[in-house]
Amino acid sequence: MGAAVDEIDLALLAALQADATQAYADLGKRVGLSAGSAHERVRKLRERGVIRRTTIDVDPAAVDRGVLAFVMLQANAWMGNPPTRDALAAIPEIQEAHIIAGSASLLVKVRTSTPEQLQAVLRQAFDIDGVTGTETIVVLETFFERPLNVTDPDLAG
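Residues numbered from 1 in each chain as written. Predicted model: local features only at pLDDT ≥ 70, side-chain atom pairs only at ≥ 80, totals over all residues. Heavy atoms only, no water.

### Let's talk about the overall build of the protein chain
What counts here: Strands here mean DSSP runs of E at least two residues long; helices mean DSSP runs of H or I at least four residues long; both are numbered from the N terminus. Each residue is assigned to one of three classes by its accessible area relative to the maximum for its type, calculated with a 1.4 Å probe on protein chains only: buried under 20%, partly exposed between the two thresholds, exposed over 50%. By definition, residues are in contact when any of their heavy atoms lie within 4.5 Å.
Regarding its fold elements, the protein chain presents 5 helices and 4 strands. If you list the helices and strands of the protein chain from N to C, you get α-α-α-β-α-β-β-α-β. With respect to the three principal axes, the spread of C-alpha positions in the protein chain is 55 × 35 × 25 Å. Within the protein chain, the fraction of its 157 residues that count as buried is 29%. Here the analysis covers contacts within the protein chain between residues at least 6 apart in sequence; of these, 67% occur between residues at least 24 apart.

Okay, structure coming up:
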């Protein structure tokens, strides 16, 4: 990823997390930089991969994706290979996929509109070469989800 972030970078990241649409002039004021310097710092953070993307946070229930499940996939082979990644990425309801330690090989986050659609996604996952089983945890209610706390002083390099 490159050089560690400094305190100004962390302040920029925190300000952008609060409102990624703010003008560079406003962003610079919040962290004690000119608009040009703020813009250059943000550009470098993007180039280094510290800022991976800029997005919006959509309420899943508002767009008919209110069923949330975490699925552990058991496998008889290493699941970090490109064919597996491609097969998982081809299932649009899978939002995240993580190689994990433990009794399962992969953990995926799935959002669907209905339990029946979740079942169809599970069938698709089970059809991926090497997958031997699944264990599904359906979320009943989410108390909170939070982004990385970039104001943590331990993150400064």
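Resuming the write-up.
### Examining the UniProt feature "domain: HTH asnC-type" (unreviewed entry) in the protein chain
Rules: UniProt positions are given in the numbering used here, feature names are shortened, and annotations may be inferred rather than shown by experiment.
Per the UniProt record, "domain: HTH asnC-type" (unreviewed entry) is found at residues 5-66. The distance separating the terminal C-alpha atoms of residues 5-66 is 36 Å; by composition the span is 53% helix and 0% strand.

### Section: the packing of helix 2 (residues 24-31) against helix 3 (residues 35-47)
The following threshold applies: To obtain an axis, a line is fitted to C-alpha atoms, over the contacting stretch when the element is a helix, and the angle between two such axes runs from 0 to 180 degrees between their N-to-C directions. Oblique is the label for any angle not covered by the other classes, which are roughly parallel (under 35 degrees), roughly antiparallel (over 145) and roughly perpendicular (65 to 115). Three classes are used: nonpolar for Ala, Val, Leu, Ile, Met, Phe, Trp, Tyr, Cys and Pro, charged for Asp, Glu, Lys and Arg, and polar for all others, with Gly counted as polar.
Taken N-terminus to C-terminus, the directions of helix 2 and helix 3 make an angle of 95 degrees; their axes are 7 Å apart at the nearest point. One element, helix 2, and the other, helix 3, form an angle in the roughly perpendicular class. Between helix 2 and helix 3, the contacting residues are Tyr 24, Ala 25, Leu 27 and Gly 28 on the first element and Ala 35, Ala 38, His 39 and Val 42 on the second. The residue makeup of the contact of helix 2 with helix 3, split by class, is 6 nonpolar, 2 polar and no charged.

### With respect to the nonpolar core
Note the threshold: In this text, buried Ala, Val, Leu, Ile, Met, Phe, Trp, Tyr and Cys residues form a nonpolar core when linked through side-chain atoms within 4.5 Å.
Leu 73, Leu 88, Ile 94, Val 108 and Val 110 are the most contacted members of the largest nonpolar core, which has 17 residues in total. Of all the secondary-structure elements, those providing two or more residues to this core are strand 1 (67-75), strand 3 (106-112) and helix 5 (115-126). Once residues within four sequence positions are removed from consideration, Leu 73 is found in contact with Leu 88, Ala 104, Ser 105, Leu 106, Val 108, Ala 125, Val 131, Gly 133 and Thr 134. Grouped together as the second largest cluster of nonpolar side chains are 13 residues, Leu 10, Ala 15, Leu 16 and Ile 51 included.

### A word on the pattern of salt bridges
Note the cut-off: We count a salt bridge whenever a side-chain nitrogen from Lys or Arg sits within 4 Å of a carboxyl oxygen from Asp or Glu.
Enumeration over the complete set of coordinates arrives at 7 salt bridges. One salt bridge in this structure joins Glu 47 and Arg 43, with 2.1 Å as the shortest N-O distance. One end of the pair is Glu 47 and the other is Arg 43, both in helix 3 and 4 residues apart, which spans about a single turn. Of the residues examined, Glu 47 reaches a relative accessible area of 57% and is grouped as exposed. Between Lys 109 and Glu 145 there is a salt bridge, with the nearest N and O atoms lying 3.5 Å from each other. Of the two residues, Lys 109 sits in strand 3 while Glu 145 sits in the segment after strand 4 (131-139), which places them 36 residues apart along the sequence. Residue Lys 109 is classed as buried on the basis of its relative accessible area of 11%. Residue Glu 145 is classed as exposed on the basis of its relative accessible area of 53%.

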